[in-house]
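Coordinates in review
The primary structure of each chain is shown beneath.
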Amino acid sequence: MFVTVVFLLFCFITPSQSQNVVYCDFEETCNDLIFDNYWIVNNVSTHVDHTYGNLSGHYVTSTHLGILKPSITFRTKDWINVPPKYAACVTQWVSSNQTDIDFTMELAQGDDLQARLQTGRVGVEGDNTKWFTFTLETPYASQFIPFMSYRNVTQSIDLDDISISLCPDSKWTPEIKVFQCDFDKTLCPEFISLSNYSYSWSIIQAQQAQNYTIQAPPADYSIGDQTGLLTTTKNFLKLINFRIHFLGHYLWLNNSDSLKSGAAGYLNTRVFNFTRDDPTFCLSFQYYRFGTAFHTSKLTVLAWDQTNGQSLMQVWPINPVNYTYFNQRWSWAYASLPIGNYSLLFRMDSGTKVNSSFAIDSLDIRSCGYQQKYFRGDSYLNFACDFDSDYDPSCGIQNDYIYLSPQTVINSSLVTPDRIRNEGLGPKYSSGISGDWFLYWARSRDTPSTLIHGQIKTRLIETNADMCIRFAYFVNSTNVEPDEQNTKLQMLTLDCTNTNLWSVELDDSRGWRIVTTSFPSTACKESVYFRIYQRRPTPLAVAIDDITIAPCSSLSEVTTAVPPTTTTPINRSSSNFINFTFLITILIYIFKLQLSSDE
């Protein structure tokens, strides 16, 4: 029998070195392991079992023979807790008709079981004439549930005498702790609740929190007491030796006095700098979701890049789609952290129904055995673009045609006033808020009549009910009737909800205009779309500049520049100018006739 091990060590241990924490021989009901639907305990044995070595013994066997199964899995029912300098060694006896057996194991951490520490892979040749065994050593992890899988299975795989035992860790290295905070022994004064948002995080004693709302956690997690004043003499002496006052605190977001649909609150940590030369670090903390009912409140942990980009990367939940939080109890959250220079943001946001919130306790960041990954931001807390940056002048804004026919779309580009060649329609000066560059969209007399749309979208922004958007725009067109309002400029969201944030129908904005409007009462990661539409094709120029998305209370008042009178020639091709000239000519003619009749 040939055995191959990849990234995994065999454990050769004696009974004196190990202690079983899980054991199943299937002679009685196995309560320690949970098998998926592709396994069944064989009551009518086709060959001897391993425990007794006869046909009266039992073992578990795979089902659905002849059908390719990408993965058949089993796991422990309860957590495996491992002390320092030890590992878990998993032993199983196998008999199989499968020619090539592919076995993998990963350690799930966190109450949601989403964090998965890859343990490695073992390849073995199947043998149905005798039982064979292998024992695998896991990387060190203090608490986990092992998920064990056989992959690409078509033939029977029989398992017996499965055990998980504690064994000396052959690869033990001391953990590196870079951050710990339980709000009692360690107060963590560097935590900051970001201003300009509806919700604020604060530290509170459990007993005091209960005075605000009975749904709040009745005790903190780290001490497990309302006040932290331990009652037994033994614990009291320990408490005195370390610190005179434990007060049973946790961090919470109490929104009972500030309920607001779609609002948010951010808690910011100090900056961490993890490099390729460091081990991987993992975040561990306890959260408590409390309230009268549970609908749309969410807790998210984001890594906030502290370089020039200042983008956000979601750390936890690892798989956020349709995520289910645990309610009215302390729950363990766990996730690996990326390489990079960033702080951590704990964000609580609410939907249309605001009736629950969160508390946090026992934060911990220490080295772990996960594979390294790099920081890759995909959204932003705020957004500002004046199109004048040498590093990234477009600020990630892209031409787009979602919900539009691509054959009708004209792309926008970055220009300055002196670079425009469009029959005098474009701006002759910049907005006056920033530099000379702006985003420009134009139709000329020679543009095909089918091209009547334009659309751009921003990067993904973490929007909520506290956010506003401000921008400057310019519109000018020709060959239109008076007050025809042939052009529509619209700003909308399409990613979470289809919402019209702002729109205007016009032919001439008469210079640069500034718009400030708020986002709807929803919390969402979304882009903002600017859409241009003409009812009938005419020469047109549209410019957009100085886009800012930020909390409404942080936006300062700005004004556009006054147009230079010497650099803005009259557009003699516009219908308004022609009508005006015609009217003046008629008035002069009537005046001359009146003078002639008086004579």
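Residues numbered from 1 in each chain as written. Predicted model: local features only at pLDDT ≥ 70, side-chain atom pairs only at ≥ 80, totals over all residues. Heavy atoms only, no water.

**Concerning the pattern of salt bridges**
- Applying the stated criterion across every chain, the model contains 13 salt bridges.
- Residue Lys 260 is joined to Asp 466 by a salt bridge in which the shortest nitrogen-to-oxygen separation is 3.0 Å. Taken together, the residues span a long stretch of sequence, with Lys 260 in the loop between β18 (249-253) and β19 (264-274) and Asp 466 in the loop between β32 (461-463) and β33 (467-477) at a distance of 206 residues.
- Under the relative-accessibility criterion, Asp 466 is labelled buried at 6%. (Salt bridge = Lys/Arg side-chain N within 4 Å of Asp/Glu carboxyl O. Helix = DSSP H or I, 4+ residues; strand = E, 2+ residues; numbered from the N terminus. Buried < 20%, exposed > 50% of the residue type's maximum accessible area, 1.4 Å probe, protein only.)

**Side note on unusual backbone geometry**
- In the segment running from Trp 316 into Pro 317, the intervening peptide bond is cis, with an omega of -5 degrees.
- Tracing the sequence through the fold places Pro 317 in the loop between β22 (311-316) and β23 (330-336).
- A positive phi angle is found at Lys 85, which is not glycine, with a value near 70 degrees.
- Within the fold, Lys 85 resides in the loop between β8 (80-81) and β9 (86-96).
- Despite not being glycine, Cys 395 shows a phi value in the positive range, around 55 degrees.
- Examined against the element boundaries, Cys 395 turns out to sit in the loop between β27 (383-385) and β28 (398-399).

**Here's the deal with the nonpolar core**
- The biggest cluster of nonpolar side chains holds 41 residues, and the ones touching the most others in it are Trp 39, Phe 74, Val 94, Tyr 150 and Leu 159.
- No other element matches the five residues that strand β14 (residues 157-168) contributes to this core.
- Every residue in contact with Leu 159, bar those within four places of it in the chain, is listed here: Phe 26, Trp 39, Tyr 59, Val 60, Phe 74, Gln 92, Trp 93, Val 94, Trp 131 and Tyr 150.
- Leu 194, Phe 471, Trp 502 and Phe 519 belong to the second largest nonpolar core, which has 40 residues in total. (Core = buried A, V, L, I, M, F, W, Y, C linked by side-chain atoms within 4.5 Å. Contact = heavy atoms within 4.5 Å.)

**Overview of the packing of aromatic side chains**
- Under the criterion given, the structure shown has 41 aromatic pairs.
- Centre to centre, the rings of Phe 183 and Phe 191 are 6.0 Å apart; their planes meet at 35 degrees, and the pair counts as tilted.
- A relative accessible area of 12% means that Phe 191 is categorised as buried.
- Seen from their ring centres, Phe 471 and Phe 530 are 5.0 Å apart, and the 80 degrees between their planes marks the pair as edge-to-face. One end of the pair, Phe 471, is in strand β33; the other, Phe 530, is in strand β38 (residues 529-534), and 59 residues separate them in sequence. (Phe/Tyr/Trp six-rings, centres within 6.5 Å; stacked < 30°, edge-to-face > 60°.)

**Regarding the pairing of strand β20 (residues 281-291)**
- A large share of β20 lies buried, amounting to eleven of its eleven residues.
- Of the two faces of β20, the one holding Phe 281, Leu 283, Phe 285, Tyr 287, Arg 289 and Gly 291 and the one holding Cys 282, Ser 284, Gln 286, Tyr 288 and Phe 290 are both buried throughout.
- Bridging between β20 and strand β25 (residues 356-367) involves ten bridges; their strand directions are antiparallel. Of the residues in β25, the one forming a bridge with Tyr 287 is Ile 360.
- Bridging between β20 and β23 involves seven bridges; their strand directions are antiparallel. Its bridge partner being in β23, Tyr 287 is matched across the sheet by Ser 331. (Pairing = 2+ DSSP bridges.)

**Considering the confidence of the model for the chain**
- Looking at the chain as a whole, its pLDDT mean stands at 86, while 85% of the residues score no less than 70.
- Here residues 228-246 is modelled with pLDDT under 50, and outside its nearest four sequence neighbours on either side it reaches 20 contacts, counting other chains as well.
- Of the regions scoring below 50 in pLDDT, residues 564-578 engages in 22 contacts with residues more than four places distant in sequence or in other chains. (pLDDT = per-residue confidence, 0-100.)

**Remarks on the state of the cysteines**
- Taken as a whole, this structure holds seven disulfides when the rule is applied.
- Residue Cys 385 pairs covalently with Cys 395 via a disulfide, S to S 2.0 Å. Taking the sign of the S-S torsion, about 85 degrees here, the bridge from Cys 385 to Cys 395 comes out right-handed. With Cys 385 in strand β27 and Cys 395 in the loop between β27 and β28, this residue pair connects regions lying ten residues apart in the sequence.
- Here Cys 395 falls in the buried class, since its relative accessible area comes to 9%.
- Shown here is the disulfide that connects Cys 496 with Cys 524, its sulfur atoms set 1.5 Å apart. Given an S-S torsion of about 65 degrees, the disulfide between Cys 496 and Cys 524 has right-handed geometry. Highlighted residues: Cys 496 in the loop between β34 (487-493) and β35 (499-506) and Cys 524 in strand β37 (residues 524-526), separated in sequence by 28 residues.
- The partly exposed category is assigned to Cys 496, whose relative accessible area is 46%.
- Take Cys 524: its relative accessible area is 5%, and that puts it in the buried class. (Disulfide = S-S within 2.5 Å.)

**Some points on the side chain of Ser 367**
- In this structure, Ser 367 sits in strand β25.
- Among the polar contacts listed, one links the side chain of Ser 367 to the backbone nitrogen of Ile 176, at a separation of 2.8 Å.
- In this structure, Ser 367 is in contact with Pro 174, Glu 175, Ile 176, Pro 279, Thr 280 and Phe 281, ignoring residues within four places of it in sequence. (Polar contact = N/O pair within 3.5 Å; in protein donor to acceptor, adjacent residues only side chain to side chain.)

**Considering the sheet that holds strand β31 (residues 453-457)**
- Reading across from one edge, β28-β31-β38-β34-β35 is the order of the five strands in this open sheet, with antiparallel pairing throughout. Strands with a single pairing partner mark the edges of an open sheet, and in this sheet they are β28 and β35.
- Relative to β31, β28 runs antiparallel, the two sharing two bridges. Residue pairing in the sheet places Gln 398 in a bridge with Lys 457 of β31.

**Topic: the environment of Arg 536**
- Relative to the helices and strands, Arg 536 resides in the loop between β38 and β39 (540-551).
- For the pair Arg 536 and Leu 451, spaced 85 residues apart in sequence, the C-alpha to C-alpha distance is 10.0 Å.
- The residues touching Arg 536, leaving out its near neighbours within four places in the chain, are Asn 479, Val 480, Glu 481, Glu 484 and Asn 486.

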